[in-house]
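The primary structure of each chain is shown beneath.
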Number of protein chains: 2
Amino acid sequence: MPQSYRAPLRDMQFVLKELARIDEVAKLPGFEEASDVADAILEEAAVFASEVLDPLNVSGDKEGCTWRDGEVTTPKGFKEAYRQFARAGWIGLPVPSEYGGQGLPQLMVGPTHEMWNAANVGFANAPGLNQNAIETLELTGSDEQKQRYIPKLVSGEWTGTMNLTEPQAGSDLAAVRTKATPEGDHYRISGSKIFITFGEHDLAANIVHLVLARLPDAPEGTKGISMFVVPKFLVNADGSLGERNDVHCASIEHKLGINGNPTCTMNYGEKSGGAIGYLVGQPHRGMEYMFIMMNAARYGVGVQSIGIADRAYQSALAFAKERVQGRDLKDLASRSAAPVTIVHHPDVRRMLMSMKAQIEAMRALAYVTAASLDHANRHPDEKVRAEHRAFIELMTPVVKGWSTDTAIEICSTALQVFGGMGYIEETGIAQQYRDVRITAIYEGTTGIQALDLVGRKLLRDMGKTAMRVIGEIKAFAATLESSSNADVRAIREQLLKGLDALVAASQSIGKSATSDLPASMACSVPYLKLWGIVAGGWQMARAAAIAEQKLAANDVEAEFYKTKLATARFYADHVLSQAAWLRHQIVEGSASVMTVTENEFDLDRKVMTPA
Amino acid sequence: MPQSYRAPLRDMQFVLKELARIDEVAKLPGFEEASDVADAILEEAAVFASEVLDPLNVSGDKEGCTWRDGEVTTPKGFKEAYRQFARAGWIGLPVPSEYGGQGLPQLMVGPTHEMWNAANVGFANAPGLNQNAIETLELTGSDEQKQRYIPKLVSGEWTGTMNLTEPQAGSDLAAVRTKATPEGDHYRISGSKIFITFGEHDLAANIVHLVLARLPDAPEGTKGISMFVVPKFLVNADGSLGERNDVHCASIEHKLGINGNPTCTMNYGEKSGGAIGYLVGQPHRGMEYMFIMMNAARYGVGVQSIGIADRAYQSALAFAKERVQGRDLKDLASRSAAPVTIVHHPDVRRMLMSMKAQIEAMRALAYVTAASLDHANRHPDEKVRAEHRAFIELMTPVVKGWSTDTAIEICSTALQVFGGMGYIEETGIAQQYRDVRITAIYEGTTGIQALDLVGRKLLRDMGKTAMRVIGEIKAFAATLESSSNADVRAIREQLLKGLDALVAASQSIGKSATSDLPASMACSVPYLKLWGIVAGGWQMARAAAIAEQKLAANDVEAEFYKTKLATARFYADHVLSQAAWLRHQIVEGSASVMTVTENEFDLDRKVMTPA
């Protein structure tokens, strides 16, 4: 039977307090109590994740969702779990109290979102979409729209969706064709959307679709896209549900994983002159608005992948401590030595350390980014707010792209620890391997994240933000110079090498961007990865420095801090040390990416030359 | 619909002729015609793979195998395909003609095995097991056993299996408990084996199980294991089938992939005093014999993974040339530029090149190793034979471990090229992602391969073979010094760096082996990977040198050789360039693998400290 989920509470608490500095967040207006309630929230969330969501993870995957005549049934237990989730107030965690939310910092979304997704990713996508829809409407909707939709999304009576993708417009939203025709105070929406998570389901009474479509006079491309809210059931003036709108689920996908949630093809206006929709914000600014939702969603997917990876790691660790196989290498000379659990074997230990170190680095970077969001939203000084905004913009594609790619590797490593048992579905780890694979794809593939990082974040401001952040990390590294701890010094050395690589890679990309844009973009993914491992390494180095201080002060949790230091050292030697390789790929290898032409790729499969 | 498989015939031919040097193999006694018939065999195999096996790949995965009352039904069409496969003589390809085989070199097993597995891995495991059983019996069986079993395994009337694993003895065969009790001219076998591929099925009239078990007087550990042949139906003196033996399939596994083949739990002697089995070779030497089979099987799994990876790459390439999405970066300035196929996008191109380059390197190393097997078997000079044997022993864990790990990455990259479509099972690429995952597990996980590489191949002869092979690669690199081609020079530079890393890593492991064995083994997997990328880089460098010559001589296939050179350059810049990272992990990072103790791994999940 699969291992049940236990939240990594101590590490979450460490990151919240020591790295993301919840005490600083608590100084922001409105967040005065955040620091005091943080522990209690973590504990409650952990219980909810383990007791309510986790027991439905395997059954949700096995049973999956079913479609019949446009209705979608979610797996057994999901409906009741959703009701409990909503009732406990988890959806509204970061939502202002005026809409019925708890008004907590975004920082708290990090660990809670991680727990929901670790416990049951198929389920967690539902409330995750509510949070994204709430945020988008809060920032772009009219007062009336906010009042109409947000409280119901917070209470969980309704759920939200994002409707972007069309068959011909996957990553390229400029190609969106869904039409919106004005009619009185509303619009008629017609067209088809695919890959809509929870587009139809039985969890809640109504579904609030946020839909990208084009007005009749819309310019071509992304500047002609508007955003509409299209409820499954129209909402009467008194807030009660009215007529069924003409938005229907035509089918659901048969997927590799995340079978707990339906992935829907949605048809708008197929049975009538169009589904009734309401314009959100200004015409033609839909992409801009959708990016608000998308950025939150991208961050959320990054954290989701960390949760799945941590669950996989946890299962692998438990298996490694239980599975007896082979003898300890130290006892090799003695043939009569008893067999040991596989956690004794160095290669298994290496796999466990590699998972542990990378998860801790990703978690730290993700939560630190969440704290930045709070400062960006609430800090009294606009200059500080702007700096945090720039940091978040730089880090969002990194948290999404780097975490998801790494999480996929981690789930594969976890499966490997199980050996043959890992390939058997009953063991459970194969589900994480299947589930996690979507995270590097939806809300923009890693390639799209890297394009965003290089195009919008590095090149657009001529590297200003990138160099500022690199400077900040360098300044921190300088503070480690005085350490006499060998681990800290080794970590610092790898961090400095990572920073050098990042500077060289950034400059190389910047230089070639003006002369050969395709070449400058050819290694955008290795560049994103370089940012990930260095920014993650920065957090691990910060953790190591804190650990060094705590150990010097004879902290009661010496074992915890000693482990943190050892984990950071492992990260430096085994993960951060790849910076030079990534730099080589970017600086020296970009040219060799584009030399083989489209047709030349087929020469290997050509008819053979005569003997 | 999934892309159908087209064998990479031109590249296979290139590797056979230019790198594995089939002309040299054809000088060995009995292989005189190998070179002349090679092209015809490749072409026929390609047709068979595409027309007979490929059409059953998706349906075999979907339908899977079913178990009922001990009988196993394979997916629709498998039985007829197996009959055709056998009739065409493919099982006996490398088997001496005295047993009804074609007597071709092992070298030809490389490309044919690759094609079968690319076309349908679930199916290909059946005849692959026949070949392994044939080889084992040929080398270790009595004359009577050879005459009794081999011709039927060659003709395909019967199939073979390997019965090693038991629940408590996965990678650790020392823990095998199945018993063999002498009774007249045979033995009574009782015990349970798990994970037996094609342990039971409906493809053939009889199944020849090779089973590891212990005699009553057997010493503990691996030195007390004997090998038995246990037929499903006993064989009468005239070769006809007799009584049903007491070996039964208790269940089949529900797996992540390779659903086309049943993975069986086999019970021996559950209904009687034991299944009737016959000792193969000498008592207590079963492990030694099984290693013959296992080494062939390990090599076979390496090639299998290359086949699956190539199929995935091929699908991704076809999709990239078909899928229209986004605009060419070169046309970014012009807003009216038409959308292009995604093969135009640099990141997609990088993914394709990364798959192509690694597949070609793995294929080259695998076929070169197969050629070495022929020289080891047949070269008139024992000194040459011994050198080839040592080379094969060194390369077997590398071909297995490196190819399978890389193939898993490649299938993930291929899925990524498909974006959201890749996550939908109907597209087909998810099957390769699921199927390929087993290859790094069965016939010994990558960790086991690495243990073999470091323990048996590097340390046992004090690095003699490793250093000889490194010397050979260095001598080859020296021949590139005079090249004025910038690509060849860049490749040479990375190859030399790779060799330096390999020397440093080998020495570091050798040194710590005497003082701290666990630490010396801690990075055995990165060490295996280093061998893989360097040995693969050696083959790519050889290919580049040949391409340079061909281009200088105005070869009619200039485009093919130009592409080969560009691919080798990509490999050097993006793959081989990671050598320094792997070296760092091994030399500097081995110590940090074992510092966190077993209990300390759980500190992250500890109850939190009070706020």
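No experiment lies behind these values; they were computed from the predicted model shown.

## Some words on the overall build of chain A
- Scanning chain A from terminus to terminus reveals 18 helices and 12 strands.
- Taking 611 residues into account, the globule formula puts the C-alpha radius of gyration at 25 Å, and chain A, at 25 Å, falls close to it.
- Expressed along its principal axes, the backbone C-alpha trace of chain A runs to roughly 80 × 70 × 55 Å.
- Sorting the 611 residues of chain A into buried and exposed places 61% on the buried side.
- For chain A, the proportion of contacts with a sequence separation of at least 24, taken over those separated by at least 6, is 75%.

## Overview of helix H1 (residues 9-19) of chain A
All names here are of chain A.
- The element H1 is extensively covered by neighbouring structure, given that 8 of its 11 residues are classed as buried.
- Considered for burial, the residues of H1 that qualify are Leu 9, Asp 11, Met 12, Gln 13, Phe 14, Val 15, Leu 16 and Leu 19.
- On its buried face, H1 sits against helix H2 (22-25), helix H3 (34-53), helix H6 (109-140), helix H9 (346-378) and helix H16 (524-552).
- Count one or two residues on from H1 and you reach Arg 21, which has phi positive near 55°.

## Points about the pairing of strand S5 (residues 186-197) of chain B
All names here are of chain B.
- By the criterion of burial, S5 is predominantly enclosed, with 10 of the 12 residues buried.
- Pairing between strand S4 (residues 179-183) and S5: 5 bridges, direction antiparallel. Looking at the pairing, Lys 179 lines up with Ser 190 of S5.
- Joining the antiparallel neighbours S4 and S5 is a turn of 2 residues, in which Gly 184 adopts a positive phi near 60°.
- Pairing analysis gives 3 bridges linking S5 to strand S12 (residues 275-280), with the strands arranged antiparallel. By the bridge assignment, Tyr 187 is partnered in S12 with Gly 277.
- Alignment of S5 against strand S11 (residues 263-268), held across 5 bridges, turns out to be antiparallel. Paired with Gly 191 across the two strands is Tyr 268, which belongs to S11.

## A word on the packing of H6(A) against helix H8 (residues 286-322) of chain A
Residue and element names in this part refer to chain A.
- Between H6 and H8, whose axes approach to 9 Å, the crossing angle comes to 170°. Accordingly, the angle class assigned to the pair H6 and H8 is roughly antiparallel.
- Tallied by class, the residues present in the contact of H6 with H8 amount to 13 nonpolar, 10 polar and 4 charged.

## What to know about the relation of the copies chain B and chain A
- Aligned on chain A, chain B shows an RMSD of 0.0 Å; the corresponding rotation is 180° and the shift along the axis is 0.0 Å. The superposition of one copy onto the other is thereby described by a two-fold rotation axis.
- Here 100% of the contact residues of chain B are again contact residues in chain A; the copies associate through an equivalent surface.

## Focus on the confidence of the model for chain A
- Within chain A, residue pLDDT values average 95, and 100% of them lie at 70 or more.
- Predicted complex metrics record ipTM = 0.97 and pTM = 0.97.

## Section: the nonpolar core
- If you look at the biggest cluster of nonpolar residues, it comprises 423 residues, and the most contacted ones within it are A:Phe228 and B:Phe228.
- Look past the residues within four positions of B:Phe228 in its chain and what remains in contact with it is B:Ala180, B:Tyr187, B:Ile189, B:Val211, B:Ala213, B:Gly277, B:Tyr278, B:Leu279 and B:Val280.

## With respect to the pairing of strand S3 (residues 158-163) of chain B
Residues and elements named next belong to chain B.
- Across the 6 residues that make up S3, a large majority, 6, are buried.
- Neither face of S3 is open: one carries Trp 158, Gly 160 and Met 162, the other Thr 159, Thr 161 and Asn 163, and all of them are buried.
- As paired strands, S3 and strand S6 (residues 206-213) are joined by 6 bridges and run parallel to one another. The residue of S6 that forms the bridge with Met 162 is Leu 210.

## Here's the deal with the interface of chain B and chain A
- If you look at the interface, chain B gives 97 residues, while chain A gives 98 residues.
- Ranked by the residues each element gives to the side of chain B that touches chain A, the list is headed by helix H17 (residues 558-574) of chain B, at 9 residues.
- Looking at side-chain class alone, the side of chain B that touches chain A contains 42 nonpolar, 27 polar and 28 charged residues.

## Observations regarding helix H13 (residues 464-478) of chain B
All names here are of chain B.
- Across its 15 residues, H13 extends 21 Å between first and last C-alpha, which sits within 8% of the 21 Å expected from 1.5 Å per residue.
- Within H13, burial applies to Ala 466, Val 469, Ile 470, Ile 473 and Ala 477. Along H13, the residues classed as buried sweep out an arc of 100° about the axis, all on the same side. Away from its buried face by more than 90 degrees, H13 exposes Lys 464, Gly 471, Ala 475 and Ala 478.
- Residues of H13 that are buried sit in contact with helix H10 (382-417), helix H12 (446-459), helix H14 (486-515) and helix H16 (524-552).

## As for the packing of helix H10 (residues 382-417) of chain A against H16(A)
Residues and elements named next belong to chain A.
- It is at 9 Å that the axes of H10 and H16 come closest, and there the two elements cross at 90°. The orientation of H10 with respect to H16, classified from their angle, is roughly perpendicular. Residue-level inspection shows Met 395, Pro 397, Val 398, Gly 401, Trp 402 and Asp 405 of H10 in contact with H16, the latter providing Leu 528, Lys 529, Trp 531, Gly 532 and Ala 535.
- Classifying every residue of the contact of H10 with H16 gives 7 nonpolar, 2 polar and 2 charged.

## A short note on unusual backbone geometry
- For A:Met462, which is not a glycine, the phi torsion comes out positive at approximately 55°.
- Mapped onto the elements, A:Met462 comes out in the loop between helix H12 (446-459) and helix H13 (464-479).
- The exposed category is assigned to A:Met462, around which 11 C-beta atoms lie within 10 Å.
- Its identity as a non-glycine residue notwithstanding, B:His284 has a phi of 65°, on the positive side.
- For B:His284, the location among the structural elements is in the loop between S12 and helix H8 (286-322).

## Structural notes on the environment of B:Thr396
- Position of B:Thr396 among the secondary structure elements: in helix H10.
- Those residues within four positions of B:Thr396 in sequence are excluded, and the remaining contacts are B:Asn295, B:Arg298 and B:Tyr299.

## Describing the environment of A:Thr445
- Of note, A:Thr445 is situated in the loop between helix H11 (429-436) and H12.
- Residue classification places A:Thr445 among the buried positions, given that 25 C-beta atoms sit within 10 Å.
- Considering only alpha carbons, one finds A:Thr445 and A:Pro397, 48 residues apart in sequence, at a separation of 9.9 Å.
- Look past the residues within four positions of A:Thr445 in its chain and what remains in contact with it is A:Ser171, A:Ala440, B:Gln416 and B:Gly419.

## Looking at the environment of A:Gly70
All names here are of chain A.
- Inspection of the secondary structure puts Gly 70 in the loop between strand S1 (66-68) and strand S2 (71-73).
- Among the residues examined, Gly 70 registers 12 C-beta atoms within 10 Å and is labelled exposed.
- Taking the C-alpha atoms as reference points, Gly 70 and Ser 334, separated by 264 residues in sequence, lie 67 Å from one another.
- For Gly 70, the contacting residues outside a window of four places in its chain are His 248 and Cys 249.

Cut-off values and rules
- Residues numbered from 1 in each chain as written.
- Chains lettered and ligands numbered in written order.
- Predicted model: local features only at pLDDT ≥ 70, side-chain atom pairs only at ≥ 80, totals over all residues.
- Helix = DSSP H or I, 4+ residues; strand = E, 2+ residues; numbered from the N terminus.
- Rg over C-alpha atoms; globule rule 2.2 N^0.38 Å.
- Buried ≥ 20, exposed ≤ 12 C-beta atoms within 10 Å, placed from the backbone.
- Contact = placed C-beta atoms within 7 Å.
- Pairing = 2+ DSSP bridges.
- Axes fitted to C-alpha atoms, helices over the stretch in contact; angles between N-to-C directions.
- Parallel < 35°, antiparallel > 145°, perpendicular 65-115°, else oblique.
- Nonpolar A, V, L, I, M, F, W, Y, C, P; charged D, E, K, R; others polar.
- Least-squares fit on C-alpha atoms with pLDDT ≥ 70 in both.
- pLDDT = per-residue confidence, 0-100.
- Core = buried A, V, L, I, M, F, W, Y, C linked by C-beta atoms within 7 Å.
- Expected span 1.5 Å × (residues − 1).
- Arc of directions from axis to C-beta.

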